[in-house]
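Listed below are the residues making up each chain.
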Amino acid sequence: MKSLKVLILCRPPLRDAIESYIPALWIKEMRHQISISAYCMSMDRESSKPLIERYFDYGVEEIYLISDKQFAGADTFATSYTLYQAICNMELDFDLILADAVSTYGETGHIPAQIAAFLNIPFAINVAGIVLAENNIICKQIFRSYEENISLSYPCLLSLNSNVDTEFINRNCLTLFDIMAKHHKEIKIMNSEQLKISEKQCGMCCSHTIVVNAIKMNGKNKHKLIEESRDAISELNKLIKGVG
Amino acid sequence: MDYKLNEMQKKIYSGIRNFADEILNIEEDFYKKWKHCADCGVFASMIPNRVGGLAENFSDILLIAKMIGELFRDSGFVFAINNNMIVASYLLPTFASEVIIKDVYPGLIDGSLIASYAVTEPQSGSDVYNMLTKITRDGDTIEINGSKTYISNGPIANIFVVVGKNEENSYTAVLVKSTDAGVEVGGEIKKMGLEKCPMSEVFFSECIIPKERVIGTFSHGQTICNMTLDWERSLSFSSHLGTMTRIMNSCIKYVNERRQFGKTIGSFQLVSEKIARMKVSIELGELLLYKICDMKNNGKKTFLESAIFKYYIGENYTNCSLEAMQIYGAYGYCEEGGIEKEVRDALAAKIYSGTSEIQLDIISRMIGIKK
Amino acid sequence: MQNINTVLVIYDALINSKIDRENFFMTLCRINDACSKTYCSVNIELLVPESVIGALTEEYGELSADTICLFRTKLENQTLLDYGANIFSYCLENRPQYVFFPSSIIGRNLSAWLGAKMEAGVVADVIDLEYLNEDESFKYIRATAESELLARIKCNKKPEIVSIRGKRNQESNKRKPVFKNIDFGTNESGDKIQIMERRAYSIQNFSDNIVIGVGRGVSAFDFEIIKTFADMNKIPIMGSKPAIESKLLGRDKQIGQSGNFIHTDIYIAIGISGAPQHVVGILDCKKIIAINTDRNAPIHNYSDISILLSAHDVFSSLISV
């Protein structure tokens, strides 16, 4: 394969830090091996534009921000379904979808697997290593009790582990060469009308879960209060010896 | 004039911050740090775009110098970068020929070349033009004889810009390579601070170089030297302004956590006042920096402003570090805290690039006080 | 006659390991407790690999369920996609109203994938659940990233597919299971996915007796003092999200909704404010000691012992003792 078309499904970055741009780091990493044509899609409010624009600095060619009042109140099913419809209706072509492992707001980790299900493509989760082979991609998945290397054919989706080591960051983090290059690119904001998504197919109408109410966590009724250093030392020593 | 970072400068700041946090500040080895800086584009960002760098104007360079002063933890390493940049960001782009530029800039940008500016001699410190180093013309070659001392980056530099007296009783600036015959670098001079910027003597004994290595014209040396000193004051002290910001932020965090007599030490006015004064000096320093950037971008000379800036920042940077040590108490005096290193690094700021006393002398003459 | 609703609880690993079995059992404890109310008319059905049931029973005794379905297909040959597809086929055939997974990377992803395939309601990372007889549905409780409160969520579509965080012990009466064997036949991966190598880790045990957690209120300097004490006493250190973000600790040491849930005898929370996102991860600890100078910090609402002193004062004294 001479080149790869990659769609990044990025979570809206909450802050300007390297861990908010893991898929972009992987794009730079893969560019060492193959020519990449990358574009990016995110679903969020327009106010997230300045942080999402950073993806241009990482060499992404187009960024689509899916934003509409109708999308408000979407649960993970509705969010994934909206993104899936956007991908289909825009006829976006891709070999590979890269997604953050957890979303910014709910931290559920649902979106990548749901999109893979809707698109009916193979997927890998918590990916910590990628090797590009001729007609397939080899990924290292990391789980609680084991890790495995699997080979996937294209098109496929990878949900990326958010832990990356220093060496990886060294090789791929944004340099001043990237930042100070002239990009002259604009994020394309797409609403439901442009994406041909009806009200019933998104937002609260399409959600299958609802937040009933918010509650306070139950605390403990009584506890022991210590304000003297001597008492604190004695109590902690007693507890540690008791357990040990 | 806008007194805050524009959108691009904010992006540069966060890029440098991420680079410093994730890569630079956790590396100890000087050459690895240098390579990281080159790969990240730190050097390119402080080199004008007309010689292959990324900087479009003087603001870019001076504001980036301030950012690295704040975000790179090792002030000695920042000092080494700035000594390199005195040559790379201003002196050579302004005065050197295309031949020299083509020769050295790829290496200055990719970090394979380190530059040093060699002016001071044992008998000519403040009295900089009392030089004994001789630069003579002989047909197609130039010969240099003499010695320079207290040369920052001396032990590690690949290229030196050397200023000496010529036979016409004026001054010449030339580019000398460390590999040229007749160049000898002395042993490292141990200093009180700024350990990551090594310093040495450099000796020139019948050092013959081609005439193409003359920077500017043969008698241009004094102008080059004056203007480079002006730039040096703006550049290095922009970094020190950034370092003052870092020291102040660290003090704020400390006084909000450290508790004595049942409350945070920041609650005591004698402590909080020290930090408030740091903020005052930083704010005033920034205003002057923006003025200097604006004047330089518009082609105006800044001899007076850079002398004021150098004096003000040199004095306040030193005070800031000493007050930080006082705030941190015994912990500030110990090596572990990192504050005593800030003090040792700061103290030289009242000395190099012309002492504080010399700056006051320059200022007094420039405002019309006759000698 | 009232319809009996089925709660299908699915084993969430493709390897037979102690930590996965422990996690599955703790999830089952929480589900059993929620389903133990007399008005809750659900059947609990487990879907477990045949190769795992022996070790599970040996470690935890007879599992409390109405039915245990043992699938005989070899785990090492299953990709995640195969496993998901087999569960999907099973659900299409048997139509459980509730499909629960332990909350793990696999559990959350499989629940999401299945939810998309079945157009179901999906809830992630639930810390508690309560059955509502009038609705014949559950309400699920989880922390939210944005708020100081917990969210109570319900699904408006069946099946309800949920990943659930476990708890230490089951307090309710046990059910006695009937066993049945099933075979998984789907090979969804085909040649799209191939397993090249699968490697088990040596056990990483979060059932330590005592854990220290550090938070935003711990400076780098204090952290060194705490670390000295922890190393002397062989106590692991973990942290809240702010401690991870300030790089005091790696991400694998995060306690909370988006990290680990711990079930220790003693948890010492130092400089931790007590945001719900963190507290949900420690509720199952037997005793919580909060060290925080701010007497108004929410952590004191959840602690058994509150020490209103600075970490520096406490731990430098402890080290010198």
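Residues numbered from 1 in each chain as written. Chains lettered and ligands numbered in written order. Predicted model: local features only at pLDDT ≥ 70, side-chain atom pairs only at ≥ 80, totals over all residues. Heavy atoms only, no water.

Novice: Describe the sheet that holds strand E10 (residues 209–215) of chain A, listing the residues and the values that go with them.
Specialist: Pairing between sheet strands relies on hydrogen bonds along the backbone, with the strands arranged either parallel or antiparallel. The strand order across the open sheet built from 4 strands is E10(A)-E8(C)-E7(C)-E6(C), with neighbouring strands paired in antiparallel fashion. The open sheet has two free edges, formed respectively by E10 of chain A together with strand E6 (128–132) of chain C, since each of these has just one partner strand. The average undirected angle you get between the axes of adjacent strands in this sheet is 25°. Direction of pairing for E10 of chain A relative to strand E8 (residues 150–155) of chain C: antiparallel, over a ladder of 6 bridges. Paired with Asn213 of chain A across the strands is Arg152 of chain C, a residue of E8 of chain C. Where helix H1 (residues 18–35) of chain C meets the sheet, its contacts fall on E6 and strand E7 (137–143) of chain C, and the angle it forms with E6 of chain C comes to roughly 30°. (Pairing = 2+ DSSP bridges. Helix = DSSP H or I, 4+ residues; strand = E, 2+ residues; numbered from the N terminus. Axes fitted to C-alpha atoms, helices over the stretch in contact; angles between N-to-C directions. Contact = heavy atoms within 4.5 Å.)

Novice: Any details on the interface of chain A and chain C? Residues and values, ideally.
Specialist: Counting from both sides, the interface comprises 66 residues of chain A and, opposite them, 91 residues of chain C. For the chain A face of the interface with chain C, the top three residues by lost area are Arg144, Tyr146 and Met217 of chain A, together amounting to 12%. Inspection of the region where chain A meets chain C yields 5 salt bridges. Where Glu148 of chain A meets Arg198 of chain C, a salt bridge forms, and the shortest distance between an N and an O atom there is 2.6 Å. Where the side of chain A that touches chain C is concerned, the elements lending two or more residues are helix H4 (76–89), helix H5 (111–119), strand E5 (123–132), strand E6 (136–142), strand E7 (146–153), E10, strand E11 (224–226) and helix H10 (229–243) of chain A. Among the elements that take part in the side of chain A that touches chain C, H10 of chain A stands out by supplying 9 residues, more than any other. (Buried area = accessible area lost by both parts, 1.4 Å probe. Salt bridge = Lys/Arg side-chain N within 4 Å of Asp/Glu carboxyl O.)

Novice: Break down the packing of aromatic side chains for me, with residues and values.
Specialist: The way to describe two aromatic rings as a pair is by their centre distance and the angle between their planes. This structure, assessed with the given rule, holds 41 aromatic pairs over all chains. Ring geometry for Phe71 of chain C against Phe184 of chain C: centres 4.4 Å apart, planes inclined by 25°, an arrangement best described as stacked. Remark: Phe184 of chain C occurs in the loop between strand E10 (178–182) and strand E11 (193–200) and Phe71 of chain C occurs in strand E3 (residues 67–71); sequence separation between them is 113 residues. Phe184 of chain C matches Phe71 of chain C in its accessibility class, with the two residues each being buried. On the numbers, 5.2 Å between centres and 70° between planes, the contact of Phe229 of chain C with Phe315 of chain C is edge-to-face. Here Phe229 of chain C, found in helix H5 (residues 220–233), pairs with Phe315 of chain C, found in helix H8 (residues 311–320); they are 86 residues apart in sequence, far enough to count as distant. When sorted by exposure, Phe229 of chain C lands in the same class as Phe315 of chain C, which is buried. An aromatic cluster is built from Phe30, Tyr31, Trp34, Phe43 and Phe77 of chain B, whose rings are joined through pairwise contacts. (Phe/Tyr/Trp six-rings, centres within 6.5 Å; stacked < 30°, edge-to-face > 60°. Buried < 20%, exposed > 50% of the residue type's maximum accessible area, 1.4 Å probe, protein only.)

Novice: Break down the nonpolar core for me, citing the residues and quoting the values.
Specialist: Within the largest apolar cluster, 247 residues are counted, with the highest numbers of intra-cluster contacts made by Met41 of chain A together with Phe72, Leu92 and Ile215 of chain B. No other element matches the 13 residues that helix H5 (residues 75–95) of chain B contributes to this core. With residues near it in sequence (within four places) discarded, Phe72 of chain B still touches Ile16, Phe19, Ala20, Leu24, Asn25, Cys37, Val42, Phe77, Val78, Ile81 and Arg246 of chain B. Ranked by size, the runner-up nonpolar core spans 33 residues in total, among them Leu236 of chain A together with Ile225, Ile307 and Leu318 of chain C. (Core = buried A, V, L, I, M, F, W, Y, C linked by side-chain atoms within 4.5 Å.)

Novice: Before we move on, could you go through a nonpolar patch on the surface and cite the residues and values that matter?
Specialist: Where nonpolar side chains cluster on the molecular surface, the patch consists of Met1, Tyr3, Val280, Leu284 and Leu287 of chain B and spans about 490 Å² of accessible area. Among the structural elements, Met1 of chain B can be located in the segment before helix H1 (7–22). (Patch = residues over 30% accessible without salt bridge, like charges linked within 9 Å, V, L, I, M, F, W, Y side chains within 5 Å. Areas by Shrake-Rupley, 256 points an atom, 1.4 Å probe, with all protein chains shown as cover.)

Novice: Quick one: what's the story with the confidence of the model for chain C, residue by residue and with numbers?
Specialist: The pLDDT averaged across chain C works out to 88; a share of 94% of its residues lies at or above 70. Scoring the predicted complex yields pTM 0.82 and, for the interface, ipTM 0.92. (pLDDT = per-residue confidence, 0-100.)

Novice: Could you give an account of the interface of chain A and chain B, naming the residues involved and the relevant values?
Specialist: The interface of chain A with chain B comprises 17 residues on the first partner and 24 residues on the second. With both sides pooled, the region where chain A packs onto chain B buries about 1,700 Å², and carbon together with sulfur makes up 66% of that total. Ranking the residues of chain A by area buried against chain B places Leu176, Phe177 and Met180 of chain A at the top, with a combined share of 39%. Residue Asp57 of chain A pairs with Lys11 of chain B through a salt bridge whose shortest N-O separation is 3.2 Å. In this structure, the connection of chain A to chain B is made through 3 residue pairs in polar contact (both at pLDDT 80 or more). Every element with two or more residues in the side of chain A that touches chain B is listed here: helix H3 (54–57), helix H6 (166–172) and helix H7 (176–180) of chain A. (Polar contact = N/O pair within 3.5 Å; in protein donor to acceptor, adjacent residues only side chain to side chain.)

Novice: Describe in detail the sheet that holds strand E2 (residues 42–49) of chain C, supporting the description with residues and values.
Specialist: Residues and elements named next belong to chain C. With parallel pairing, 7 strands are arranged side by side in an open sheet as E5-E9-E4-E1-E2-E3-E10. The two strands at the open ends of the sheet, each matched to only one other strand, are strand E5 (121–126) and E10. Sheet twist, expressed as the average angle between the axes of neighbouring strands with direction ignored, equals 20°. In this structure, E5 lies alongside strand E9 (residues 160–164), joined through 4 bridges in parallel fashion. Following the sheet pairing, Val126 is matched in E9 by Ile164. Packing of helix H2 (residues 50–60) onto the sheet brings it into contact with E2, E3 and E10, and relative to E2 it is tilted by some 110°.

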